Amino acid sequence: MTNQSPILAPLRTLRDSNRTKLVLFTLDNLIWPILLVAFLFFSALLPEIFTQYRNIRFLLYTSAGLGAITLAESICLISGNFDLSVGSVAGFSAMAGALFLTEWAPGAPGVIGILVLLCVGGAIGLLNGVLIAKMGVNPFLQTLSTLIIFEGGILVLSSQSVYGLPVSYLWPGEAVISIPVINPIPVAIFIMCGLFVGLWFVLSRTRFGRAVYAVGGNEASAAEAGIDTDRVIIAVYVISGVLAATGGLLLTGFNGGATPTTGTSQLFPAFTAAVIGGISLFGGRGNVINTLGGVLLLGTISAGLVMLNIDPTVIQTVNGIVLLAAILLYTVVHQYRERLLSDL
Amino acid sequence: MTVTETKPRIEVAGVQKRFGTVEALSDVSLTLNEGEVLGLVGDNGAGKSTLIKTLVGIHQPDAGEIRFDGEAVTIDGPKHARTLGVGTVYQDLALVDELSVAENLFLGRKPVRKLGGVLPVIDERTMAERAERILRERLDIELDPDTPVEYLSGGERQAIAIGRALVTDPDIVLLDEPTSALSKAAVERVEQLVQQLKASGHSVIIIDHNLEEVRSMTDRITVLFQGRTVDTLETAAVSRDDIVSMMVSGKPLGGPANNGADGQSSATQHSTSD
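Notes on the structure follow. Bear in mind that the values here come from a model prediction, so they are computed numbers and not experimental data.

### Examining the overall build of chain B
Phase 1: In terms of helices and strands, chain B carries eight helices and 12 strands.
Phase 2: By the compact-globule yardstick of 19 Å for 274 residues, chain B fits well, its C-alpha radius of gyration being 19 Å.
Phase 3: Across the 274 residues of chain B, 53% fall into the buried class.
Phase 4: Of the accessible surface of chain B, which amounts to about 11,700 Å², a share of 46% is contributed by carbon and sulfur atoms.
Phase 5: Charged side chains in chain B number 28 positive and 43 negative. The centres of these two groups are separated by 4 Å.

Right under this line is the structure:
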């Protein structure tokens, strides 16, 4: 082996570099094989039940709200920032929209309520973005304070769940449409898929999206290259706020009303799903489509545990262990990646 | 190597820049004439990189004036500097490791096309084609434009940073230590590139720690010392030792301090001593 012919040497290098590329591609998209393994694991424990179409559909349906909130977290992480407020923004804007329709302007069409909800989410995002980008507030502390303010704000608005909402306000999260072949299927699944594909498109195909990655990768370099980094960061937080509010809307429809706790409980799962979907905490790296894999993995595990009649209070602990395993895995992958790159 | 053109493209007059209590630039004046290569030398902390960043609007001067083609301007930022025809290679290269070669070459100015006539999306094909042309024609290196920059060697990274400065076809090029990470052969390519730029009428400011390189590439040399201009001299009329002595002492050769923007007048008074 040591005596390579001069003709074969470059071929070998070529093959090695292709193999390296393949390995890197696999490492970048590791969530899908993991999801498959988890799914097969529960399918083996729950033969026939777990693989039923009804179960898979329900799994997707329960993931919709969390999916939108995970996207809200992911875009902030990709830009090299942080958003702890996604859960409370989801809950607060959903509650504001619900109260607008039932108390502040009863009789208004549900669509106006949805607009109010999106504007509230966007406005909180704008507040986060402006203070972080223009005032230089640490993103962690900034969004920690908005987390606390608006989690409390939900209770200021209403300490009780709000029901009796117009059908059109609940429609995105509740409605079921009938489509041949895939039977009746919740609209929320399509909305979720649309959001994932839409955000992926924006982040990978537009100037703004690539600027988000550039700012996340190296903010100083992006600024030196002429990117208005402040504007990018503010836009990222506004989009994050709107996505979180959309998650709140989907959860409201799923629950049939706005409850004070639905949104706030979503922060940790959203964060976990983003990280196990391969979004780098250091910014500039990660594909939002893969965070859908993260969302579905959490959904698969919790559905599996519920079906196995395991105490639901265990779920958070399990999610935490999954997060820890993911962080360990990505740390190892990161080191392996560095080694691969240094060989090139 | 006599300077025949005297039309000033950039004039820096008495520029000051303070960061808190640190005075990075206390009194810098220099002139970049059309079609010349101006070397900027000085010890670490003399203010060379700060001056470059002030020229592209990353820093705003606290006092003094920057004139482009005789007109005083306030430069908002790198984008504005680009519209004034300035291309810059930063000392830290300003690359984003996670992004591809093509994306780094077009960072902040990717070509777009309208998808379905309305939706502006990045024109990947145009970007790849133009990137390939720049790599081949301007930089003479073979690289796949899709390769992430983190895969590249130090020299290749430097080449990408230089390539990016040339993407907009600037007529003024600022090079902050473009050869610091390069092998000898690659340094020669940069020297050739600078000569090509000069031959095609570009004006160039180059910062370089290697005085031999500075002497072989430039028409005139401005020496900075602790944030102020010591002197500007014609390269042909100054020895390496003269430059070193000005860099270390902060005093111009012979006569009293000359901090004026029009430093080249004193150049002819000094003859080479080696």
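### Considerations on a nonpolar patch on the surface
Residue and element names in this part refer to chain A.
Phase 1: A cluster of nonpolar side chains, contributed by Tyr-53, Trp-171, Ile-177, Val-181, Ile-182 and Phe-190, occupies part of the molecular surface with about 570 Å² of accessible area.
Phase 2: Among the structural elements, Phe-190 can be located in helix 8 (residues 187-205).
Phase 3: The class for Phe-190 is partly exposed, based on a relative accessible area of 37%.

### Things to note about the nonpolar core
Phase 1: By size, the foremost hydrophobic cluster in this structure holds 94 residues, and its most contacted members are Tyr169(A), Leu203(A), Ile227(A) and Leu297(A).
Phase 2: With 12 residues, helix 3 (residues 53-78) of chain A is the single largest residue contributor to this core.
Phase 3: In this view, Ile227(A) contacts Ala211(A), Ala214(A), Val215(A), Ala222(A), Val232(A), Leu107(B) and Gly108(B); residues no more than four positions away in its chain are not counted.
Phase 4: Counting residues in each nonpolar core, the second largest holds 37 residues, with Phe106(B), Ile134(B), Val149(B) and Leu152(B) among its members.

### Section: the pattern of salt bridges
Phase 1: According to the stated counting rule, one finds 19 salt bridges over all chains in the structure shown.
Phase 2: The residue Glu98(B) makes a salt bridge to Arg285(A) at a minimum N-O spacing of 3.9 Å. With one member in each of two chains, Glu98(B) in the loop between strand 6 (86-89) and helix 3 (101-105) and Arg285(A) in the loop between helix 12 (267-276) and helix 13 (288-307) form a pair that bridges those chains.
Phase 3: Notably, a salt bridge pairs Lys7(B) with Glu34(B), separated by 3.6 Å at the nearest N-O pair. Here Glu34(B) lies in the loop between strand 2 (22-33) and strand 3 (37-41) and Lys7(B) lies in the segment before strand 1 (8-19), a separation of 27 residues in the sequence.
Phase 4: Here the residues in one salt-bridge network are Arg210(A), Glu103(B) and Lys110(B), joined through shared partners.

### Points about helix 8 (residues 240-249) of chain B
Residues and elements named next belong to chain B.
Phase 1: Listed in full, the buried residues belonging to helix 8 are Asp-242, Ile-243, Met-246 and Met-247. For helix 8, the angular spread of buried residues about the axis comes to 130°, placing them on one side. Exposed side chains of helix 8 directed beyond 90 degrees from the buried face belong to Asp-241 and Val-248.
Phase 2: After helix 8 finishes, the residue Gly-250 shows a positive phi value of roughly 75°.

### Things to note about a negative patch on the surface
Phase 1: A cluster of acidic side chains, namely Glu129(B), Glu132(B), Asp144(B) and Asp146(B), defines a negative patch on the protein surface.
Phase 2: As for its placement among the helices and strands, Asp146(B) is situated in the loop between helix 4 (124-138) and helix 5 (154-166).

### Describing the side chain of Thr232(B)
Phase 1: Tracing the chain through its elements places Thr232(B) in strand 12 (residues 228-234).
Phase 2: Of note is the side chain of Thr232(B), whose polar atom sits 2.9 Å from the side chain of Thr222(B).

### Observations concerning the interface of chain B and chain A
Phase 1: Counting residues at the interface gives 29 residues for chain B, matched by 25 residues for chain A.
Phase 2: The interface formed by chain B and chain A holds eight residue pairs in polar contact (both at pLDDT 80 or more) in total.
Phase 3: Among the elements of the structure, helix 2 (78-83), strand 7 (112-115) and strand 8 (119-122) of chain B are those that each provide at least two residues to the side of chain B that touches chain A.
Phase 4: For the side of chain B that touches chain A, the element with the most residues is strand 8 of chain B, which contributes four residues.
Phase 5: A class-by-class count of the residues in the side of chain B that touches chain A yields 16 nonpolar, one polar and 12 charged.

### Here we look at the packing of helix 5 (residues 110-133) of chain A against helix 6 (residues 139-157) of chain A
All names here are of chain A.
Phase 1: Packing of helix 5 against helix 6 leaves a shortest axis separation of 9 Å and a crossing angle of 150°. It follows from the interaxial angle that helix 5 and helix 6 lie roughly antiparallel. Read as a crossing pair, helix 5 and helix 6 show a hand that is right-handed. In this structure, helix 5 contributes Ile-124, Leu-127, Asn-128, Leu-131 and Ile-132 to the contact, and helix 6 contributes Pro-139, Gln-142, Thr-143, Thr-146 and Phe-150.
Phase 2: Taken together, the residues of the contact of helix 5 with helix 6 break down into six nonpolar, four polar and no charged.

The rules behind these values
Residues numbered from 1 in each chain as written. Chains lettered and ligands numbered in written order. Predicted model: local features only at pLDDT ≥ 70, side-chain atom pairs only at ≥ 80, totals over all residues. Heavy atoms only, no water. Helix = DSSP H or I, 4+ residues; strand = E, 2+ residues; numbered from the N terminus. Rg over C-alpha atoms; globule rule 2.2 N^0.38 Å. Buried < 20%, exposed > 50% of the residue type's maximum accessible area, 1.4 Å probe, protein only. Areas by Shrake-Rupley, 256 points an atom, 1.4 Å probe, with all protein chains shown as cover. Lys, Arg positive; Asp, Glu negative; His and termini not counted. Charge placed at Lys NZ, Arg CZ, Asp CG, Glu CD. Patch = residues over 30% accessible without salt bridge, like charges linked within 9 Å, V, L, I, M, F, W, Y side chains within 5 Å. Salt bridge = Lys/Arg side-chain N within 4 Å of Asp/Glu carboxyl O. Core = buried A, V, L, I, M, F, W, Y, C linked by side-chain atoms within 4.5 Å. Contact = heavy atoms within 4.5 Å. Arc of directions from axis to C-beta. Polar contact = N/O pair within 3.5 Å; in protein donor to acceptor, adjacent residues only side chain to side chain. Nonpolar A, V, L, I, M, F, W, Y, C, P; charged D, E, K, R; others polar. Axes fitted to C-alpha atoms, helices over the stretch in contact; angles between N-to-C directions. Parallel < 35°, antiparallel > 145°, perpendicular 65-115°, else oblique. Left-handed = near helix turned anticlockwise from the far one by under 90°.

So yeah, pure geometry; function would need other evidence.
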